[in-house]
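The residues making up each chain are set out below.
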Amino acid sequence: MEHTVADLPSGPLDIYRRKASFNWKDMLRFIEGDEVLAFKQNLFRTLENDPVFARRPGEDIPMEKMRELTFLRVKQLFRYDLLTKEEVMSNPWLTMVLNDCLGMYDWSMGAKYFLNKGMFGATVANSGSGRHNKYVENTEDMTTFGCFALTELSHGSNTRAMRTTATYDPSTQEFVINSPDFEAAKFWVGNLGKTATHAVVFAQLYTPDQVCHGLHSFVVPVRDPKTLLALPGVLVGDMGKKLGQNGLDNGFAWFHNVRIPRENLLNKTGDVTPDGRYVTPFKDPNKRFGSSLGALSGGRVSITRMALINLKLALIVAIRFSATRRQFGPKNTEEIPVLEYQLQQWRLIPYLAAAYALEHFTKVIFMNFVEFQIGQMMKDKSDRQAEMGREIHAIGCSSKPLGSWTAQRGIQECREACGGHGYLAMNRLGDLRNDNDPNCTYEGDNNVLLQQTSNYLLGWFHAKHCDGVQIESPLHTVDFLNDFHKILESKFTVTTMDQCMDSAVLLAAYEWLVCFLLEQSHKRLEQLRASGKDEFEAHNNSQVYFCRSLSIAYIEYNCLQRFHELTTAQDTPAALRPVLSKLCALYGLWSLSNHMTTLYQGNYLSGGKPAELVQMAILTLCSQLKDDAVALVDVFAPPDFILNSPIGNADGQLYKNLWSTMMQGSQVLERPSWWKEFCSDKPVVGSLRPKL
């Protein structure tokens, strides 16, 4: 049965809504599907009708109170059990939809909920065995409240260098968890600041013969669940205020000879026998290490999606604002909406195209990850499964930078595009910017992660040229590299703007760009090696302009490729194809325009005409999409209660909503409590001398 989509309230936005070239409800059903629409509607209504989730735009809550509210709301989510195991098994995508919806409301709440059920519960389930089932079951009702403790005070990206130790004592059949010093304290751990009772702790495993077997994960109790007081040997605390997401308690833990049972080792990748012998199904320690950190690939795909949600929320606010905010106009006529100005279109509409591109891309790569996870669960030991793991790792390591940086820049542009009103906390753009910011650094700093992707691509290049290997990957993201030489011989032959707007033309340009950057990166590495540089220095000195640019071009190409496939797919409704094709072309042109120097450097482009065509095509598409912009954000807009931004409300009553929210604020019309300081005791100018 087709899900009923409610009409939007009538108001000033109707002018643009009537101009739209497509039916926004049809687009919504096409992107979401009836099952997801019904799920989201139920979740949003649940939150809006429950007083525990009541809030006001821009409210200023002390951190301690914010932590309490976040915890109470998470507790309420457990009571509702909004997504059952059975529902997840039948449609894994609903897990991501739930994360989307909770994040739209508040990322602190979403993070607190998923760090326990997702990062802690899922890591124990995926990295452990039957003996750990009790921990997984106890996360379901908050008997255990967990966290994921990998990062340390002095180590983040370099996971292999973590210094926490887990030394096996065969006399008691226990592991002794120890932080050698305060720099090895676990740090930045979400949920650990105030509430976690247990942690998945990553530590270097030592057997009684004093051999180190590398990083392994252990379930370590940190607080008494009955009192929330720290357990003996654990110094655990809160890190303090962050730039954003302050409803989430990030914390630290310093372990002093904390003993845990042997069975608390999560033993999928390695185990220790009662007498202290180390056993592992992996012959290659690198493969064991990669498998033990496998959870992070899924995390990076999720972060790409989280960043997209932030970008979408900011665009809803900025485009609705731009369609109703009127400033200036031709002489002797009324003012026009700022969305009519070319500058405003050029600032916002490419990010709208990026949001649609990333919407499809994040969905596709999530389902690729699910396919990989199913293979892992079925204990698939095939070469294809291992290769898929490497490919998904390369995608995750570059999709997170693509998503989080696009959102970071887009949200800032949205903030500025809303002028002074965008700077008011009640309109949420500041919170979106701050809450998105950690997406650029956690689960891997973006610039560091991109090196993983370029290493993957260089590995294929080497295999092709040195060993004559046919390049074919399970997800086909690198297959075009087989035609490497032929692609590099091609040139940009487009002569009209219409040809420029064909996304197939843009994909061909991207294939050349990736091949060129791959060849240049390889040459750069070879030059550095030939000059006597070791591998560390060679890689370190070939990132800027080479390997980093290569990874970015590869992931932009993939995102565009998947979007292009959607616009040309048989089951994409004919009425939606024109607007989707324009969005796809705009995303491709706008992204490609950042690489113009390289395209000219490699002689793919020559003369002034190609740059002019690209620029004019971008501006033309922005202008063509301007009348569709409001309908396009209506497609992914949550209810006003969830969006929580007066200038972004669906009715478009910009000034009325802004004024009424402001007038309902606390102490708006009251004089300050310190008014006497102002009215009396005026300063005697020059009566004080500095104490030097």
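Description of the structure in this document. Nothing here was measured: the structure is a model prediction, and the numbers come from that model.

Let's shift gears to helix α11 (residues 342-377). Helix length check: α11 (36 residues) gives 52 Å between terminal C-alpha atoms against 52 Å at 1.5 Å per residue, within 8%. Count one or two residues on from α11 and you reach K379, which has phi positive near 55°.

Glancing now at helix α13 (residues 429-436). For α13, every residue scored as buried is listed here: L429, L432, D435 and N436. For α13, the angular spread of buried residues about the axis comes to 135°, placing them on one side.

Turning next to the nonpolar core. In terms of nonpolar packing, the biggest core is built from 159 residues, with M27 and Y356 touching the most fellow members. Those residues in contact with M27 that sit more than four places away from it in its chain are F22, Y356, L576, V579, L580, L632 and V635. Ranked by size, the runner-up nonpolar core spans 25 residues in total, among them A149, L192, V220 and V234.

The subject of this paragraph is the packing of aromatic side chains. Taken as a whole and assessed by the stated rule, the structure comprises 17 aromatic pairs. Measuring from ring centre to ring centre gives 5.5 Å for Y356 and F636, while their planes differ by 40°; the resulting arrangement is tilted. Here F636 lies in the loop between α23 (629-635) and α24 (640-643) and Y356 lies in helix α11, a separation of 280 residues in the sequence. For the pair Y356 and F636, a shared accessibility class is recorded, and that class is buried. Between the aromatic rings of F369 and F372, the centroid separation amounts to 6.4 Å while the plane-to-plane angle is 40°, which identifies the pairing as tilted. Of this pair, F369 and F372 both sit in helix α11, three residues apart, roughly one helical turn.

Locating V469 in the fold gives a position in the loop between α14 (446-467) and α15 (484-489). Given the relative accessible area of 31%, V469 is considered partly exposed. Between the alpha carbons of V469 and R409 there is a distance of 40 Å; along the sequence they are 60 residues apart. Apart from the residues lying within four places of it in its own chain, the contact partners of V469 are W460, A463, K464 and N482.

This part takes up a nonpolar patch on the surface. Side chains of W659, M662, M663, V668 and L669 sit close together on the surface and give an oily, nonpolar patch of about 520 Å² of accessible area. Mapping L669 onto the fold places it in the loop between α25 (654-663) and α26 (675-679). Exposure remark for L669: the relative accessible area of 74% places this residue in the exposed category.

Moving on: the pattern of salt bridges. In the structure shown here, the tally under the stated rule is 29 salt bridges. The residue D634 makes a salt bridge to R17 at a minimum N-O spacing of 2.8 Å. Taken together, the residues span a long stretch of sequence, with D634 in helix α23 and R17 in helix α1 (residues 14-19) at a distance of 617 residues. Residue classification places D634 among the buried positions, given a relative accessible area of 2%. Note on R17: relative accessible area 17%, which makes it buried. The partner of R305 in a salt bridge is E359, with the nearest N and O atoms 3.3 Å apart. In this pair, R305 is assigned in helix α10 (residues 295-324) and E359 in helix α11, connecting sequence segments 54 residues apart. The burial state of R305 is the same as that of E359; both residues are buried. Salt bridges sharing common partners tie together D100, R305, K312, E359 and K363.

By secondary structure assignment, the location of K117 is in helix α7 (residues 107-127). On the accessibility criterion, K117 (21% relative accessible area) is partly exposed. Sequence spacing of K117 and D141 is 24 residues, and the spatial spacing of their C-alpha atoms is 9.9 Å. When residues no more than four places from it in sequence are discounted, the contact partners of K117 are F78, A122 and E140.

For the pair helix α17 (residues 503-530) and helix α20 (residues 577-592), the least separation of the axes is 9 Å and the interaxial angle reads 30°. Between α17 and α20, the crossing angle belongs to the class labelled roughly parallel. Note on packing geometry: the crossing formed by α17 with α20 is left-handed. Along its contact with α17, which presents S503, L506, A509, Y510 and L513, the element α20 presents C584, A585, G588, L589, S591 and L592. Counted by class, the contact of α17 with α20 contains eight nonpolar, three polar and no charged residues.

The residue T273 is located in the loop between β10 (271-272) and β11 (278-279) in this model. Contacts of T273, omitting those with residues within four sequence positions, involve Y168, R262 and V279.

The rules we used
By convention here, each chain's residues receive numbers from 1 onward along its written sequence. Since the coordinates come from a predicted model, pLDDT governs what is reported: local features require at least 70, and pairs of side-chain atoms require 80 or more to be given and counted, while whole-chain, interface and lining totals use all residues. Excluded from the side-chain calculation are hydrogens and water; included are all heavy atoms of the structure. Helix and strand assignments follow DSSP, with helices taken as H or I runs no shorter than four residues and strands as E runs no shorter than two, numbered in order from the N terminus. Between the first and last residue of a helix there are one fewer steps than residues, each counted as 1.5 Å, and that sum is the expected span. Burial status follows relative accessibility: with a 1.4 Å probe on protein chains alone, a residue under 20% of its type maximum counts as buried, one over 50% as exposed, and anything between as partly exposed. Here the arc refers to the set of directions running from the helix axis out to each C-beta atom. To qualify as a nonpolar core, a set must consist of buried Ala, Val, Leu, Ile, Met, Phe, Trp, Tyr and Cys residues joined through side-chain atoms within 4.5 Å. Note on contacts: a residue pair qualifies if any of its non-hydrogen atoms lie within 4.5 Å across the two residues. A pair of aromatic rings is counted whenever rings of Phe, Tyr or Trp (Trp by its six-membered ring) have centres within 6.5 Å, and the orientation is called stacked for planes under 30 degrees apart, edge-to-face for over 60 and tilted otherwise. Nonpolar side chains (Val, Leu, Ile, Met, Phe, Trp, Tyr) are joined into patches within 5 Å and like charges within 9 Å, using only residues with over 30% relative accessible area and no salt bridge. For accessible areas, the Shrake-Rupley method is used with a probe of radius 1.4 Å. Any residue's cover is judged against the shown protein chains and nothing else. For this analysis, a salt bridge means a side-chain nitrogen from Lys or Arg found within 4 Å of a carboxyl oxygen belonging to Asp or Glu. What counts as an axis is a line fitted to C-alpha atoms, over the stretch in contact for a helix, and the angles between N-to-C directions run from 0 to 180 degrees. Should an angle lie under 35 degrees it is considered roughly parallel, over 145 roughly antiparallel, and from 65 to 115 roughly perpendicular; all remaining angles are considered oblique. In a left-handed crossing the near helix is turned counterclockwise from the far helix by less than a right angle, and in a right-handed crossing that turn is clockwise. Under the scheme applied, nonpolar residues are Ala, Val, Leu, Ile, Met, Phe, Trp, Tyr, Cys and Pro; charged residues are Asp, Glu, Lys and Arg; polar residues are all the others, including Gly.

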